[in-house]
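Listed below are the residues making up each chain.
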Amino acid sequence: MIDYLTPKEIVERLDRYIIGQDKAKRTVAIALRNRARRRELDDDLRDEVIPKNILMIGPTGVGKTEIARRLANLADAPFIKVEATKFTEVGYVGRDVEAIIRDLVDTAYRMEQQRAFEDIEAEAERRANERLVDILAGIEGGRPATPPLSHIFGADQPAPEQMEAERQRREQMARQEERVRDFTRQRLDAGELEDDEIEIEVEESSLQSMQIFSAAGMEEMGMDMQNMLGNIFPSKKSSKRTTVAEARRVLTYQEADKLIDDQEVARRALESAEEDGIVFLDELDKVTGGKAESRYGPDVSREGVQRDILPIIEGCTVTTKYGPVDTDHILFICAGAFHISKPSDLIPELQGRIPLRVELHSLTQHDFERILVEPDNSLVKQYIALLDTEGIALEFTEEAVAEIARLAQQVNEQTENIGARRLYTMLERLLDELSFTAPEVTGQHIVIDADYVRKQLADVVEDRDLSRYML
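Residues numbered from 1 in each chain as written. Predicted model: local features only at pLDDT ≥ 70, side-chain atom pairs only at ≥ 80, totals over all residues. Heavy atoms only, no water.

Caption draft 1: Local environment of the sheet that holds strand 8 (residues 331–336). Taken in spatial order, the five strands make up an open sheet running 2-5-8-1-9, and their pairing is parallel. Two strands close off the open sheet at either side, each with one partner strand: strand 2 (79–83) and strand 9 (356–359). Taking the axes of each pair of neighbouring strands and ignoring which way they run, one obtains an average angle of 20 degrees across the sheet. Judged from the four bridges that link them, strand 1 (residues 54–57) and strand 9 form a sheet pairing that is parallel. The partner of Met-56 across the bridge, within strand 9, is Val-358. (Pairing = 2+ DSSP bridges. Helix = DSSP H or I, 4+ residues; strand = E, 2+ residues; numbered from the N terminus. Axes fitted to C-alpha atoms, helices over the stretch in contact; angles between N-to-C directions.)

Structure (structure tokens):
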């Protein structure tokens, strides 16, 4: 779909979930559109066009992560969000940065596997239904055996009359079986047998409880050892009693496994990760120390993490269990608050590999009001839907929304500015009593107005010491 969306249309799609931050939306929309443009180039020039990686700078809770996540959903591309603080320099205890690419490929493999399953789902379900018909009709595993070889070659050759009688008997049994199958199939298609219990065979891996935890860079070896031992100790089958509806689901997956070509899925996953992969590298500022901090104290490996990240962003080949992956065309969207350090504290080589920088502004009271009601997944809509399950018709007045936004802005100014995340704590505190007593007041229409908001939140907001813990 992304090949047919213009940058303006991409921004409009992002506007449905994210309020404000127009400059950041424009930047990521252009970056995404450039991927579609690159696919139209000749092979020689296509390899020369590399993605323009982005650095988002802004305080917490202003939409950095949400922009990247919605962008990946829009592109239907392999996407992974990681924190730079999880990784350490080679030689220190912790995960190495190549695990980022391995995790991205794992995500791509799951996406391609799901697509492959959707392509053959109808055929897999048809085969599963045929197996269900056999089980329900009592035929599976119980078909007549072929005559022994002594009846064909040897002294016990039956007379022609006996052979003809045996042939007629088999034909009659086959017709009877087919009638039973047809009758069972009709009932199965009509949904009359969904709640009946049957017994099916499921595979159990002999290594289910075996997990290999290892140091940095050893995850792949652990997985390869598990696959190798899995061939030595094949999976065993066990019987499971379940309903027809659940058995259909299990059998469909079993038949799908037979139809899906794992090697082709792996090949497509590698290609998808290389050409369309998006890595959101958060908390980059946390591995960026000032000049005095970068060489002393417990954070001595900060600059080392940057040096290890550099080849991944610059372009290198990472070995995964599905095959080697070239990172030249993976889009990296980096983010950080940079309220203590600044982007110029990054090592120069890394700065050059993240050419696009966009600053996200702090959210205002007006932004909070829009965030509460305008997005498709706004908090007000979520709480209205949640309480509707209890039979409560919840309504927020415009004045109530404005008052919530004003109080959220006030708390952010008085304590730590955590952006839109403050709205979560405000609404939870506001609706705490109603959520607790909802089953007892079902069937009512409840209006949340400005007075109710002030009554529930004003005392906590005004008490700065209390708001530090409660909001």
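Caption draft 2: Spatial organisation of the pattern of salt bridges. Scanning the model with the defined rule gives 41 salt bridges in all. Across the pair Arg-267 and Glu-271 runs a salt bridge whose closest N-O atoms are separated by 3.4 Å. One end of the pair is Arg-267 and the other is Glu-271, both in helix 10 (residues 262–276) and four residues apart, which spans about a single turn. Residue classification places Arg-267 among the partly exposed positions, given a relative accessible area of 44%. With a relative accessible area of 44%, Glu-271 lands in the partly exposed category. (Salt bridge = Lys/Arg side-chain N within 4 Å of Asp/Glu carboxyl O. Buried < 20%, exposed > 50% of the residue type's maximum accessible area, 1.4 Å probe, protein only.)

Caption draft 3: Structural context of a negative patch on the surface. There is a patch of like negative charges on the surface, built from Asp-42, Asp-44, Asp-47, Glu-48 and Asp-326. With respect to the element layout, Asp-44 can be found in helix 3 (residues 43–46). (Patch = residues over 30% accessible without salt bridge, like charges linked within 9 Å, V, L, I, M, F, W, Y side chains within 5 Å. Areas by Shrake-Rupley, 256 points an atom, 1.4 Å probe, with all protein chains shown as cover. Lys, Arg positive; Asp, Glu negative; His and termini not counted. Charge placed at Lys NZ, Arg CZ, Asp CG, Glu CD.)

Caption draft 4: Representation of helix 4 (residues 64–75). Its twelve residues place the ends of helix 4 17 Å apart at the C-alpha level, agreeing with the 16 Å of an ideal helix rising 1.5 Å per residue. Residues of helix 4 that are buried: Lys-64, Ile-67, Ala-68, Arg-70, Leu-71, Ala-72, Leu-74 and Ala-75. At its buried positions, helix 4 is contacted by helix 1 (7–15), helix 2 (22–39), strand 1, strand 2, strand 5 (278–282) and strand 8. Once helix 4 ends, the next one or two residues include Asp-76, with phi positive near 55 degrees. (Expected span 1.5 Å × (residues − 1). Contact = heavy atoms within 4.5 Å.)

Caption draft 5: View of unusual backbone geometry. Look at Gln-21: it is not a glycine, yet its phi comes out positive at around 55 degrees. The residue Gln-21 is located in the loop between helix 1 and helix 2 in this model.

Caption draft 6: Local environment of the pairing of strand 7 (residues 323–326). Bridge analysis of strand 6 (residues 317–320) against strand 7 gives four bridges, and the strand direction is antiparallel. In the strand pairing of strand 7, Thr-320 is matched with Gly-323. What sits between strand 6 and strand 7 in their antiparallel hairpin is a turn of two residues.

Caption draft 7: Region of the structure containing the nonpolar core. Of all hydrophobic cores here, the largest spans 60 residues; its most connected members are Met-56, Phe-396, Ile-404, Leu-430 and Ile-448. Residue contacts for Phe-396: discarding those within four places in its chain leaves Val-380, Ile-384, Val-401, Ile-404, Leu-427, Leu-430, Leu-431 and Ile-448. By size, the runner-up hydrophobic cluster in this structure holds 44 residues, among which are Phe-87, Ile-100, Phe-117 and Val-305. (Core = buried A, V, L, I, M, F, W, Y, C linked by side-chain atoms within 4.5 Å.)

Caption draft 8: Region of interest: the packing of aromatic side chains. The final tally for this structure, using the stated rule, is two aromatic pairs. The interplanar angle of 15 degrees and the centroid separation of 4.4 Å between the aromatic rings of Tyr-109 and Tyr-322 together place this pair among those described as stacked. Separated by 213 residues along the polypeptide, Tyr-109 in helix 5 (residues 98–136) and Tyr-322 in the loop between strand 6 and strand 7 bring together distant segments of the chain. The class for Tyr-322 is partly exposed, based on a relative accessible area of 23%. With centroids separated by 5.1 Å and ring planes inclined at 10 degrees, the aromatic side chains of Phe-117 and Tyr-253 adopt a geometry described as stacked. A residue pair is termed long-range when its members are at least 10 positions apart, and Phe-117 in helix 5 and Tyr-253 in helix 9 (residues 244–259) qualify at 136 residues. Its relative accessible area of 9% is what places Phe-117 among the buried residues. Assessed through its relative accessible area of 43%, Tyr-253 is described here as partly exposed. (Phe/Tyr/Trp six-rings, centres within 6.5 Å; stacked < 30°, edge-to-face > 60°.)

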